[in-house]
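Geometric and topological summary
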Amino acid sequence: MDEKELISGLKNRDEESFKILVEVHKDRIYNLCFGYVRNANEAEDLAQEVFIAIYNSIEKFNSSSSLETWVYRIAINEALQFIRKQKAQKRFGFLYSLFGQEDKLGGYYKEEVHPGVALENKERSKVLFGAIDRLSENQQTAFLLSKVEGKSYEEVAEIMKNSVSAVESLLHRAKSNLKKNLANYYKNKEL
């Protein structure tokens, strides 16, 4: 099935077309989600939310970009929305603790090591992802798409609706910020 047939099937709510879409994109979407949330269960839930969002908005797809690019945009938007929601929940959890109420949110955020990151140990991974978390949303998105997902600058630019030079600039700033954020950690490790 070519992309035009797939898109037509998706817009006609053809179940087989959605199965194909999910099969083709599930691993990449899961990995992208995991890059943002670093929790296997949350990444799986978030990936499912991405496919639900695709199902609910497929009629808005206008073929001005590839289906893959559109799918990535939805995944990024869903992941960023999830993170914003988490941060708001953390703030409310903090307020509950200030007033002596039981934290109704529980331990919903658990750090895990990204399966694709080949670091020697969990501590280094935690430090690296902590530094990635401190990047701006655009820098974080460009970095994850380029370095974790292996997308070319052109693909990242298309997904982010930016120019290639803007992506290059985002990646340069992301690398510079990561270098600064990680310098103290590695300096202290040498002592």
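Along every chain, residues carry numbers that run from 1 in the direction the sequence is written. Totals for whole chains, interfaces and linings use every residue, but because this is a predicted model, local features are given only for residues with pLDDT of at least 70 and side-chain atom pairs only at 80 or more, for both listing and counting. The side-chain quantities take in all heavy atoms of the structure and omit both hydrogens and water.

**A closer look at the packing of helix α1 (residues 3-11) against helix α2 (residues 15-37)**
- Between α1 and α2, the shortest axis-to-axis distance is 8 Å and the interhelical angle comes to 120°. Classified by the interaxial angle, the pair formed by α1 and α2 is oblique. Where α1 crosses over α2, the two elements pack in a sense that is left-handed. Residue-level contacts link L6, G9 and L10 of α1 to S17, F18, I20 and L21 of α2.
- When the residues that make up the contact of α1 with α2 are grouped by side-chain class, the tally is 5 nonpolar, 2 polar and no charged. Angular values range over 0 to 180 degrees, each being the angle between N-to-C directions of two axes fitted as lines to C-alpha atoms, with helices fitted over their stretch in contact. Working definition: helices are DSSP H or I runs of at least four residues, strands are E runs of at least two. Numbering for both runs from the N terminus. Note that the term roughly parallel is reserved for angles under 35 degrees, roughly antiparallel for angles over 145, roughly perpendicular for angles of 65 to 115, and oblique for everything else. Whether a crossing is left-handed or right-handed is set by the direction in which the near helix is turned from the far one by less than a right angle, anticlockwise for left-handed and clockwise for right-handed. The contact rule is simple, with two residues in contact once any of their heavy atoms fall within 4.5 Å. Residue classes follow a fixed rule: Ala, Val, Leu, Ile, Met, Phe, Trp, Tyr, Cys and Pro count as nonpolar, while Asp, Glu, Lys and Arg count as charged, and any other residue, Gly among them, counts as polar.

**A few points about the packing of aromatic side chains**
- Aromatic contacts are taken between Phe, Tyr and Trp rings whose centres are within 6.5 Å, Trp giving its six-membered ring; a plane angle under 30 degrees counts as stacked, one over 60 as edge-to-face, and the others as tilted. What the rule picks out here adds up to 3 aromatic pairs.
- Consider the rings of F18 and Y55, whose centres lie 4.7 Å apart with planes at 55°: the pair is tilted. Taken together, the positions of F18 in helix α2 and Y55 in helix α3 (residues 40-57) put the pair 37 residues apart, joining distant regions of the chain.
- Residue classification places Y55 among the partly exposed positions, given a relative accessible area of 35%.
- Geometrically, a lysine NZ or arginine CZ counts as sitting over a ring once it is within 6 Å of the ring centre and also within 35 degrees of the ring normal. Sitting over the face of the ring of Y55, R13 holds its NZ or CZ atom 4.3 Å from the ring centroid. Note on exposure labels: buried denotes an accessible area under 20% of the residue type's maximum, exposed denotes more than 50%, and partly exposed covers the range between, all computed with a 1.4 Å probe on protein chains only.

**Remarks on the environment of Q140**
- Locating Q140 in the fold gives a position in helix α6 (residues 137-148).
- For the pair formed by Q140 and A174, sequence separation is 34 residues and the distance between their alpha carbons is 7.2 Å.

**Comments concerning the confidence of the model for the protein chain**
- pLDDT measures the predictor's confidence residue by residue and takes values from 0 up to 100. Summing up the model confidence of the protein chain, the mean pLDDT is 81 and the portion of residues at 70 or higher is 78%.
- Throughout residues 91-111 the model reports pLDDT below 50, and contacts reaching past four residues in sequence, or to other chains, amount to 21 contacts.

**Points about the environment of L171**
- With respect to the helices and strands, L171 occurs in helix α8 (residues 164-190).
- Spatially, the C-alpha atoms of L171 and Y153 are 9.3 Å apart, while their sequence positions differ by 18 residues.
- When residues no more than four places from it in sequence are discounted, the contact partners of L171 are A142, F143, S146 and Y153.

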